[in-house]
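Geometric and topological summary
Residue strings, one per chain:
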Amino acid sequence: NNLALLLQATGRLAEAEPLLRRTLTGRVAAFGPAHLDTLNAMNNLAAVLQADRRLAEAEPLFRAVVKGCEASLGPSHPHTLTAVANLAAVLRDTGRATQAEALFRRVLAGREAA
């Protein structure tokens, strides 16, 4: 996973993606789909897909991360709010500004309340 993150940071998305997919598969097998390590791996894969402008593939992953974080950590946890912001960015980038705005407002309210 660290190598994949380095590859992502240096713009080598095509090399990072298969490593992140393997990491996600391994985390699901080892910990199950709702474990925080699995959700982190899922978020990392979604971020690479987003950076590669494969938004239709990234969106369901980000939605799953939000759902998992809400269930495990609660709706106002900082990790949950980051996941919501990631989903909002994909919605913004796919032209769904109204939905994105609602999520960005949720993130702002959650962070201000902390």
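For the structure, check the block above.
Below: a short report on this structure. (Residues numbered from 1 in each chain as written. Predicted model: local features only at pLDDT ≥ 70, side-chain atom pairs only at ≥ 80, totals over all residues. Heavy atoms only, no water.)

1. Notes on the overall build of the protein
The line we're drawing: Runs of H or I in DSSP of at least four residues are treated as helices and runs of E of at least two as strands, each being numbered from the N terminus. Atoms counted for the radius of gyration: C-alpha only. Globule rule: 2.2 Å times residue count to the power 0.38. Residue exposure (1.4 Å probe, protein chains only): buried if accessible area is under 20% of the type maximum, exposed if over 50%, otherwise partly exposed. Methods summary: accessible areas were calculated by the Shrake-Rupley approach with a probe of 1.4 Å, and residue burial reflects only the protein chains presented.
Counting its regular elements, the protein contains six helices and zero strands. Order of helices (α) and strands (β) in the protein, N terminus to C terminus: α-α-α-α-α-α. Taken against the 2.2 N^0.38 rule, which gives 13 Å for 114 residues, the C-alpha radius of gyration of the protein at 14 Å falls within 12% of a compact globule. For the protein, the spread of C-alpha atoms along the three principal axes comes to 35 × 30 × 20 Å. For the protein, the proportion of its 114 residues judged to be buried stands at 39%. Surface summary for the protein: the accessible area is close to 6,300 Å², and the carbon and sulfur share equals 58%.

2. Looking at the packing of helix α2 (residues 13–31) against helix α3 (residues 36–51)
The condition is simple: Axes here refer to lines fitted to C-alpha atoms; in helices the fit is confined to the stretch in contact. Angles between the N-to-C directions go from 0 to 180 degrees. An angle below 35 degrees is read as roughly parallel, one above 145 as roughly antiparallel, one from 65 to 115 as roughly perpendicular, and any other as oblique. What makes a crossing left-handed is the near helix being turned counterclockwise from the far one by less than a right angle; a clockwise turn instead makes it right-handed. Only heavy atoms matter for contacts: two residues are in contact if any of them lie within 4.5 Å across the pair.
Axis separation between α2 and α3 bottoms out at 9 Å; the angle between their running directions is 160°. On the basis of their axis angle, the class for α2 and α3 is roughly antiparallel. In this structure, α2 meets α3 at a crossing whose hand is left-handed. Here α2 contributes L13, A16, E17, L20, R21, T23, L24, R27, V28 and F31 to the contact with α3, which in turn contributes D37, T38, A41, M42, N44, L45, V48, L49 and A51.

3. As for the packing of α3 against helix α4 (residues 55–73)
Selection rule: Charged residues are taken to be Asp, Glu, Lys and Arg, nonpolar residues to be Ala, Val, Leu, Ile, Met, Phe, Trp, Tyr, Cys and Pro, and polar residues to be all remaining types, Gly included.
In the contact formed by α3 and α4, the axes pass within 8 Å of each other and the chain directions differ by 155°. Considering the angle they form, α3 stands roughly antiparallel to α4. Judged by the twist between their axes, the crossing of α3 over α4 is left-handed. Along its contact with α3, which presents L36, L39, M42, N43, L45, A46, A47, L49 and Q50, the element α4 presents L55, E57, A58, L61, F62, A64, V65, G68, C69, S72 and L73. When the residues that make up the contact of α3 with α4 are grouped by side-chain class, the tally is 15 nonpolar, four polar and one charged.

4. Considerations on unusual backbone geometry
Even without glycine at this site, R53 takes up a positive phi of about 65°. For R53, the position within the fold is in the loop between α3 and α4.

5. Some points on the side chain of N43
Looking at the secondary structure, you find N43 in helix α3. The class of N43 is buried, set by a relative accessible area of 17%. Those residues in contact with N43 that lie beyond four places of it in its chain are F62, V65 and N86.

6. As for the pattern of salt bridges
In plain terms, the rule: Whenever a carboxyl oxygen of Asp or Glu lies within 4 Å of a side-chain nitrogen of Lys or Arg, that contact is scored as a salt bridge.
Under the definition given, this model contains twelve salt bridges. Shared partners join several salt bridges into a network, and the residues in it are E17, R21, D52, R54 and E57.

7. Focus on the environment of Q50
Note on placement: Q50 falls in helix α3. A sequence separation of 40 residues divides Q50 from V90, and the C-alpha atoms of the two residues are 7.2 Å apart. Those residues in contact with Q50 that lie beyond four places of it in its chain are L55, A58, F62, N86, A89, V90 and D93.

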